[in-house]
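Descriptive analysis of the structure
Listed below are the residues making up each chain.
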Amino acid sequence: MKLNSGRLWLRIATYGTLAVVLLLVLIRALIYWQFDEAAVRSSLTHALQDTGRSVRIDGRITPQVFPSPGIEIEKLSISDPGKPDAFARVEMLRVSLAWMPLLFGNREVKALDLYGPSAGVSRGLDGQLNIADLFQRRHQDSYTLKLDRLTVREGTLLLSDQLTHTDKRLASISLDADNLRGTADVSFGAILDDDRRPVRLALTTPLTIQDDQVSLPELEAVAISNIQGLGETKLTIAGQYKLNFASLQATGSEVTVSFTSERPSSEVKLTLPQINASLRELTMPSGSLSAKLSYARSQYQLQAALDNLKLSEGGLYADKLDGEFNWLAGSSKVNVKLNAPLSLAGMNQLLMQPLKLTSTITTPALPRGRLVASMEGALDGDIDEPRFNLRVAGKLDGSEVSATLSQYGLIKPRHEATLNIGKLDLNRYLPETQGDPVAIFQNTNEIPLDWLDFFDLNGKVAIGELAMGRFRINHITSNVRINPRAFELDQMSADIYDGRLQGDASLSRRDVPHLQVKQTLQGMKIRPLLVDLFNFNRLDGKGNGRIDINADGKSFAELRSTLSGDASFSLNNGALTGIDLVAALKNLPAELKEWNGAAQNDQKTTFSTLSTSFKLDSGVARSQDLKLASQLVNVNGGGKMDLKQNIVDYTMDVQANPQEFARLKGVNVPLKITGPINSPVYALDFNALVKGKKTEGEKQQALKQQLQKQITTILP
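I will try to describe carefully the structure that is included in this document. All values derive from a computational prediction rather than experimental measurement.

On a plain count of helices and strands, the protein comes out with eight helices and 37 strands. Taken over 716 residues, the protein has a buried fraction of 39%. Considering only intrachain contacts with a sequence separation of at least 6, the fraction spanning at least 24 residues in the protein is 47%.

This part covers unusual backbone geometry. Between Gln353 and Pro354 the backbone carries a cis peptide bond, its omega angle lying at 0°. Summarising the element assignment, Pro354 is placed in strand S19 (residues 349–362). Phi is positive for Ser172, which is not a glycine, with a value near 55°. Relative to the assigned elements, Ser172 resides in strand S8 (residues 166–178). For Ser172, a relative accessible area of 36% corresponds to the partly exposed category. Phi is positive for Asp498, close to 65°, though the residue is something other than glycine. Position of Asp498 relative to the elements: it lies in the loop between strand S26 (486–496) and strand S27 (499–508). Judged by relative accessible area, which is 55%, Asp498 ranks as exposed.

The next subject is the pairing of strand S18 (residues 332–345). Sheet topology places strand S17 (residues 315–329) next to S18; 13 bridges connect them, and they run antiparallel. Pairing of Asn326 across the sheet is with Asn335, part of S18. Count of turn residues in the S17/S18 antiparallel hairpin: two residues, of which Gly330 carries a positive phi of about 65°. Sheet analysis places S18 next to S19, joined by ten bridges and oriented antiparallel. When the bridges of S19 are listed, Lys333 appears paired with Thr362.

Tallied over the full model, the rule gives 20 salt bridges. Between Arg149 and Asp113 there is a salt bridge whose closest N-O contact spans 2.7 Å. Within this pair, whereas Arg149 is found in strand S7 (residues 144–161), its partner Asp113 is found in strand S5 (residues 108–115), the two being separated by 36 residues in sequence. Look at Arg149 and you get partly exposed, because its relative accessible area is 29%. For Lys395, the salt bridge is made with Glu400, and the minimal N-O distance between the two is 2.5 Å. Relative accessible area serves as the criterion here: at 49%, Glu400 is assigned to the partly exposed category.

Counting 109 residues, the largest nonpolar core has Met352, Ile473, Ile496, Leu539, Phe614, Leu616 and Met652 as its most contacted members. The element that contributes the greatest number of residues to this core is S18, accounting for six residues. Excluding residues within four positions of it along the chain, Ile496 makes contact with Phe471, Arg472, Ile473, Leu501, Leu521, Met524 and Leu529. Core analysis: the second largest hydrophobic core is formed by 14 residues, Ile73, Leu76, Val109 and Leu112 among them.

How each quantity is defined
- Residues numbered from 1 in each chain as written.
- Predicted model: local features only at pLDDT ≥ 70, side-chain atom pairs only at ≥ 80, totals over all residues.
- Heavy atoms only, no water.
- Helix = DSSP H or I, 4+ residues; strand = E, 2+ residues; numbered from the N terminus.
- Buried < 20%, exposed > 50% of the residue type's maximum accessible area, 1.4 Å probe, protein only.
- Contact = heavy atoms within 4.5 Å.
- Pairing = 2+ DSSP bridges.
- Salt bridge = Lys/Arg side-chain N within 4 Å of Asp/Glu carboxyl O.
- Core = buried A, V, L, I, M, F, W, Y, C linked by side-chain atoms within 4.5 Å.

Here it is in structure tokens:
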């Protein structure tokens, strides 16, 4: 027969196909003939007898031929040691055997497929896992296990820890591991059920198994969840790991743990060069932590190095945390260098003690410098609530300072604080002025209020001495409220210019800031206060006062120009400087010609009492009830002080005490005070002398007669 004959090749193909089919049928028949379901069931139910566990099969056991020989088992369960309760069960287990060893009578398991498995893994109070006995080597005569593939579908795993009283549930577990005899590719997925929110888990890694050791050279695990207020969060763990199932020990190198969130945008990264783990604890010789959080116009940054970390059922601990924290709020920056041991008991109770802090505040509100504080104390808190408490004491720019601060919440924190400062000189941080410092209400620089956006604070403050401009105030105590809408001082008290101040003050944040001040003053020296606030030095004395004023403006100068409200004061044993009314009355008429000039600094009119009240409207203070009483003269008057224009316009009626100056009886000297507040001009009120006269000639004649009458009365 010719080799190229078509009929020959057709016969070969036909007979060959029949031979293969017959061979397969023969093999299948052989397998079914050798398969003994009762023997397989008995072998399986006694497989873990040495561990005290029992295996139960409630379904069928079916042999399989294609694509590889094996068996399919339905409803298999395994009990806990010495207990009838099921520790694990699987709805269907498919066991695949290798062809060649089977032909020689050897049952070599090369693949396992599990469908619907469930198991409970727990750790007891003694720290032992309930699956530890399953990792022990045991000899099996009926088969050998040389897995090349492992597949899991729709699995469930219950995790319980009696030491930490935690329970977790992994659902929808899927696992694919191929080429387990070499370098396998492993992928894992699951959902961690939580009472509040589910967490999606995924893991990919190459895997190498050698005896009892499993190597994961490039593991990457990801956990994704949606947390209310944070949006989608993502936790990633990467590194190189080795697991020893005989000793139940694990090591890791070049490990990184990363966390990110959407709202607010945050990034946290922990780098660990080396990890050693057992069932009881995890130790890390060193680590570095970096974090960044952005919220609204704030940004938080942290860089820290950690020494000798230990993670156990008791919590997380480090011998030392040496780090730097930055808070960027708009154009302001707070830098904090901190050093302390770290304790996170139960993974929620934070303690850092003893804590060393060096804080630096840089802001456009302090154009001439920075606030620098060095303090020591302690930080504790509860991560779960969350709540943190800071207690520190030290130096603030060389002055003694102590503070306690409690924070509630992380995303929109609320604070409660107490602050004690020995001395605070704000002039070191305010814009530098040319020449002598000006009064505070002459400052035209805009008052910065953007920093209010970043606070929700209630607290108490005590300051030994506060300086701003030339203004000085001592022994200040007050309740403080700071939020994006207002800065408030409640129940404020202080020593001010040898007197006592009590009351409230607030600065409300609006399109145009609004100032509200209600204060009472007792026993205060008036002259240094008026000089430091308004550059007015013509009034001296000690007494009491009351103010209820408000103003609107973006600078202290604008606030001065819009001051409105009521103010009153009474002074005792004081003086009106710039003029000596008693000497003028004694020396009339010689003094009259000198009154039409500027006030003289070396002259003053003393008085026993001086009282007046002011009605302020848009920076103008008006008064109609000024009364000055002394042994020699009495003065009544009224007028206005224009704080916007910095001028005074006052009229006073000066009368000599007839008991002391009998020759001046009936003589009234109308006095006019006009000009700049800090350098007014005193002059006779000629308008009062010619009141009622119409023509210029009448006015001149009346003025001449009045002066002659006054002078004639005085002359002997």
